[in-house]
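# Observations on chain architecture
Spelled out from the first residue to the last, the chains are:
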Amino acid sequence: MVNFQYKERYNIEDFRQIMALLRQPDGCPWDRVQTHESIRRNMLEEAYEAVTAINHGDMENLREELGDLQMQILFHARMEEETGGFDFDDVCDEACKKLIRRHPHVFGDALAGTPEEVLTTWDEVKRQEKKQKTTARAMADVADALPALWRAEKIQSKAKKEGFDWDDWRGPREKLSEEIAELDEAIASGGDVEAELGDVLATVVNLARHLDIDPEKALGGASDRFVARYTRMEELAGDKPLTDYAPEEREAFWEQAKAELKK
């Protein structure tokens, strides 16, 4: 058993100590063998679980998920500390300095009276920090681990700031019809279907952006509706599995479920 003082309430320093204890030779066999790469996916999963709690207004669960997300941060920082790299204090130091640099209207003499002006200042400082001398460089620096719809939206938004964009939603809507036609042609001719489908999706994101719709949220809502309708289909099917019904019967169930859930 490790040497540890149990408390009624713990703080961030206790959190750091627990992580260090888990990683030491007589700590946890699983925690000891992990690497940045082996727990990479955990970081994404915990972030998504925190966002799910926000989506559902579940603040009790959000508190737990934020702790799980913080654990991932401490885990990675501890690994680096063990190898003589950075530690959690370095992480905090960099974050604080970044906030100070990117808020010159708060910590300096710059002016920013609206949220839009704040974002403009933030982007300008960020580009200076990352030496993004061109918009193309800023686009390339958008994290490739982002969900593809979200990444496309961010890249397109950077192009918009340089004036490379349609005037309104009509432009991407017309382009969408063109891209779908090219997809149809690729399917019929054995062309590069994946590339053409990607162009369709990118154009859908562009259309969503011009309509002030979050494409991730829109697709998530569509998935939720599909699950709800399919659940109702199974209820309408009764004790028989849907596979026992003819295609036209399943379609009838679908249309009924769709109509009922619109009410």
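Residues numbered from 1 in each chain as written. Predicted model: local features only at pLDDT ≥ 70, side-chain atom pairs only at ≥ 80, totals over all residues. Heavy atoms only, no water.

Together, Met1, Tyr6 and Tyr10 make up a nonpolar patch on the protein surface, roughly 480 Å² of accessible area in all. Inspection of the secondary structure puts Met1 in the segment before helix H1 (12-23). Accessibility expressed as a relative area gives 95% for Met1, which makes it exposed. (Patch = residues over 30% accessible without salt bridge, like charges linked within 9 Å, V, L, I, M, F, W, Y side chains within 5 Å. Areas by Shrake-Rupley, 256 points an atom, 1.4 Å probe, with all protein chains shown as cover. Salt bridge = Lys/Arg side-chain N within 4 Å of Asp/Glu carboxyl O. Helix = DSSP H or I, 4+ residues; strand = E, 2+ residues; numbered from the N terminus. Buried < 20%, exposed > 50% of the residue type's maximum accessible area, 1.4 Å probe, protein only.)

Tracing the backbone shows Arg63 in helix H4 (residues 59-82). On a C-alpha basis, the gap between Arg63 and Arg173 in space is 41 Å, while along the polypeptide they are 110 residues apart.

With that settled, the discussion passes to the packing of helix H9 (residues 148-161) against helix H11 (residues 193-210). Where H9 contacts H11, the two axes come as close as 9 Å, and the packing angle between them is 65 degrees. Here H9 runs over H11; the crossing is right-handed. Together, Leu149, Ala152, Glu153, Gln156, Ser157 and Lys160 of H9 and Ala202, Val205, Asn206 and Arg209 of H11 make up the contact between the two elements. Across the contact of H9 with H11, the residue classes tally to four nonpolar, three polar and three charged. (Axes fitted to C-alpha atoms, helices over the stretch in contact; angles between N-to-C directions. Left-handed = near helix turned anticlockwise from the far one by under 90°. Contact = heavy atoms within 4.5 Å. Nonpolar A, V, L, I, M, F, W, Y, C, P; charged D, E, K, R; others polar.)

Another point: the nonpolar core. Residues Met233, Ala237, Leu242, Tyr245, Phe253, Trp254 and Ala257 constitute the largest nonpolar core, which totals seven residues. Listing elements by their share of this core, those giving two or more residues are helix H12 (215-237) and helix H13 (247-262). The biggest single contributor to this core is H13, with three residues. (Core = buried A, V, L, I, M, F, W, Y, C linked by side-chain atoms within 4.5 Å.)

Although it is not a glycine, Lys131 adopts a positive phi angle of roughly 55 degrees. Residue placement: Lys131 occurs in the loop between helix H7 (115-129) and helix H8 (135-140). Judged by relative accessible area, Lys131 falls into the exposed class, the value being 64%. In this structure, Asp212 takes a positive phi of about 55 degrees despite not being glycine. Positionally, Asp212 belongs in the loop between H11 and H12.

The subject of this paragraph is the packing of H12 against H13. With their axes 8 Å apart at the nearest point, H12 and H13 run at an angle of 120 degrees to one another. Classified by the angle their axes make, H12 and H13 are oblique. Handedness of the H12/H13 crossing: right-handed. Facing Phe226, Ala228, Arg229, Tyr230, Arg232, Met233, Leu236 and Ala237 of H12, the residues of H13 in contact are Arg250, Phe253, Trp254, Gln256, Ala257, Lys258, Glu260 and Leu261. (Parallel < 35°, antiparallel > 145°, perpendicular 65-115°, else oblique.)

Further remarks concern a negative patch on the surface. Taken together, Glu49, Asp58, Glu60 and Glu64 make up a surface patch of like negative charges. Since its relative accessible area comes to 32%, Asp58 is described here as partly exposed. (Lys, Arg positive; Asp, Glu negative; His and termini not counted. Charge placed at Lys NZ, Arg CZ, Asp CG, Glu CD.)

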